[in-house]
Structures are given as structure tokens and as C-alpha cells.
Amino acid sequence: MIMNKEDIKILVVDDMAYIRLQLKQMLSKAGYVHFEEAADGIAAITACKDFRPDFIILDIHLPKINGLDLIGFFISINPEVKILICSVEHKDEVYRKALHLGAMDFIEKPVQEKVLLEKADYILNHKMSPASRQMGKLNQGSYDFSENIGIKLYADKSLQVLSLY
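Notes on the structure follow. Note that the coordinates shown come from a computational prediction; the quantities given were computed from them, not determined experimentally.

For the protein chain, the helix and strand inventory stands at eight helices and seven strands. Put simply, the protein chain has 165 residues, and 48% of those count as buried. Taking all contacts inside the protein chain whose residues are at least 6 apart in sequence as the whole, residues at least 24 apart take part in 69%. Accessible area of the protein chain: about 8300 Å², with a carbon and sulfur share of 51%.

Shown next, in the form of C-alpha cells:
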């Protein structure tokens, strides 16, 4: 199913403001218009619940909650969300783990506009969602972030927990 760029909601998650701005500018030039951003893992969880993105560009190294730890949670909130990892770290084991968890692809920083747009277009027009491939591997909708922030989140109750945080 081909998605219209004007209808796609994109969440950009990176702790560096200039990278979030750069990614949004590149995507805007290509016709994407709906963006939300988050600078850390907790803000990303809230944005995912409130904004309900179709596409998430996700850094691995984030304050509070690691990007890899967020992938399954995002998919539990929206099984059709498509995730592109964007990181300076490009180790094969990290890439494999991200794909195993449900990310669709990986892009290295510094980001080249042409590569970003090609990957975004491919991912957004790909028929199979990450959840379709990974549903059997999800952890019953609960995610333990106790090492990072001292709480365990449940996909259907996370807003309640976060509002207490």
C-alpha cells in the first residue's frame, strides 16, 4: 500500500536537537509534513502514545531509555509503525538486534539526504509491518525499564504510569 507523504506522521527521536532538525528538514523537502520529536526515551514513549506515528526515526543512544529497548514498546502501541534506526554506531550485532526487535532498517550518522529519503520511501511503502514479523516475540505488552527509570510499563497503561512519574 503506497502511503501519501502528506498523511504520514513521523516521530523523530534523537537527543541532539540539530539532528532532529536536520532530519525533519530533509524529509520536509521531500513532501512529508507531519512531525513530532522527542529528545529522550520517556518523551518518545509519550509522543508515540499521543501522536501515533506511522514512521519513527530512532537513535540508539538516548537519555533515560535506550532506543533498542523502545522498539518493542512502540510496536505494542501501534503494530503497524515502521522504525528506522539512525545511529553513529553501526556494529553488525546492534543492527541485527534492531531488526530482530522489529526495526525495518538502519541508517548511519552523519545522515546523507539521498539515503534517508530512499530508505524512508522504501520502508513506508513496504507491505509487511514489523509487527507482522515480530508479533510472536513481543513480551506480552510489558516492558521493564526499571534499570533506567525505576518503573515497569504496560502498553495499555503507560500514560497512567508516566503521568505519575
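When charged atoms on two side chains of opposite charge get close, those side chains can pair. In this structure the tally under the stated criterion is nine salt bridges. With its nearest N and O atoms 3.9 Å apart, the salt bridge here joins Asp121 to Lys5. Of this pair, Asp121 sits in helix H5 (residues 113-124) while Lys5 sits in the segment before strand S1 (9-13); the two residues are 116 residues apart in sequence, bridging distant segments of the chain. Since its relative accessible area comes to 29%, Asp121 is described here as partly exposed.

Here the focus is the packing of aromatic side chains. This structure, assessed with the given rule, holds one aromatic pair. Ring geometry for Tyr95 and Phe106: centres 5.7 Å apart, planes at 80°, overall edge-to-face. Highlighted residues: Tyr95 in helix H4 (residues 92-101) and Phe106 in strand S5 (residues 105-108), separated in sequence by eleven residues. Classification of Tyr95 by relative accessible area gives partly exposed; the value is 27%. Residue Phe106 is classed as buried on the basis of its relative accessible area of 4%. Taking the ring centre of Phe51 as reference, the NZ or CZ of Lys9 above it sits at 5.3 Å.

Let us look at the nonpolar core. Within the largest apolar cluster, 27 residues are counted, with the highest numbers of intra-cluster contacts made by Ile56, Leu58, Ile71, Phe74, Ile83 and Ile85. Going through the elements one at a time, S1, helix H2 (41-51), strand S3 (55-58), helix H3 (67-77), strand S4 (82-87) and H4 are the ones with two or more residues in this core. The element that contributes the greatest number of residues to this core is H3, accounting for seven residues. Val12, Phe55, Leu84 and Leu124 belong to the second-largest nonpolar core, a separate cluster that totals 20 residues.

On to the packing of helix H1 (residues 17-29) against H5. The contact between H1 and H5 brings their axes to 10 Å, and the two run at 65°. Between H1 and H5, the angle is such that the two are roughly perpendicular. In this structure, the crossing between H1 and H5 has a hand that is right-handed. Facing Leu23, Met26, Leu27 and Lys29 of H1, the residues of H5 in contact are Glu113, Leu116, Leu117 and Ala120. By residue class, the composition of the contact of H1 with H5 is six nonpolar, no polar and two charged.

Rules used throughout
In this numbering scheme, every chain counts its residues from 1 along its sequence in written order. Given that this is a predicted model, residues contribute local features only at a pLDDT of at least 70 and side-chain atom pairs are listed and counted only at 80 or more, while totals for whole chains, interfaces and linings are drawn from all residues. Computation of side-chain values: all heavy atoms of the structure, hydrogens and water removed. We count a stretch as a helix when DSSP gives it H or I for four or more residues in a row; a strand needs E for two or more, and each element gets its number in order from the N terminus. Buried means the residue's accessible area, taken with a 1.4 Å probe over protein chains only, is under 20% of the maximum for its type, while exposed means over 50%, and partly exposed covers the values in between. Whether two residues touch is decided by their heavy atoms; if any such pair falls within 4.5 Å, the residues are in contact. Shrake-Rupley sampling with a 1.4 Å probe provides the accessible areas, and residues are treated as covered by the protein chains on show and by no other component. Put simply, a salt bridge is a Lys or Arg side-chain nitrogen that is within 4 Å of an Asp or Glu carboxyl oxygen. Each aromatic pair joins two rings of Phe, Tyr and Trp (for Trp, the six-membered one) with centres within 6.5 Å, and gets the label stacked for planes under 30 degrees apart, edge-to-face for over 60, and tilted for any other angle. Charges are assigned to positions over rings by a cutoff of 6 Å between ring centre and Lys NZ or Arg CZ, combined with an angular limit of 35 degrees from the ring normal. Residues grouped as a nonpolar core are buried Ala, Val, Leu, Ile, Met, Phe, Trp, Tyr and Cys residues, joined through side-chain atoms within 4.5 Å. An axis is simply a line fitted to the C-alpha atoms; with a helix, the fit covers only the stretch in contact. Between two such axes, the angle follows the N-to-C directions and lies from 0 to 180 degrees. If an angle is under 35 degrees, it is roughly parallel; if it is over 145, roughly antiparallel; if it lies from 65 to 115, roughly perpendicular; otherwise it is oblique. Throughout, a crossing is termed right-handed when the near helix is turned clockwise from the far one, and left-handed when it is turned anticlockwise from it by less than a right angle. Under the scheme applied here, ten amino acids are nonpolar (Ala, Val, Leu, Ile, Met, Phe, Trp, Tyr, Cys and Pro), four are charged (Asp, Glu, Lys and Arg), and all others, including Gly, are polar.

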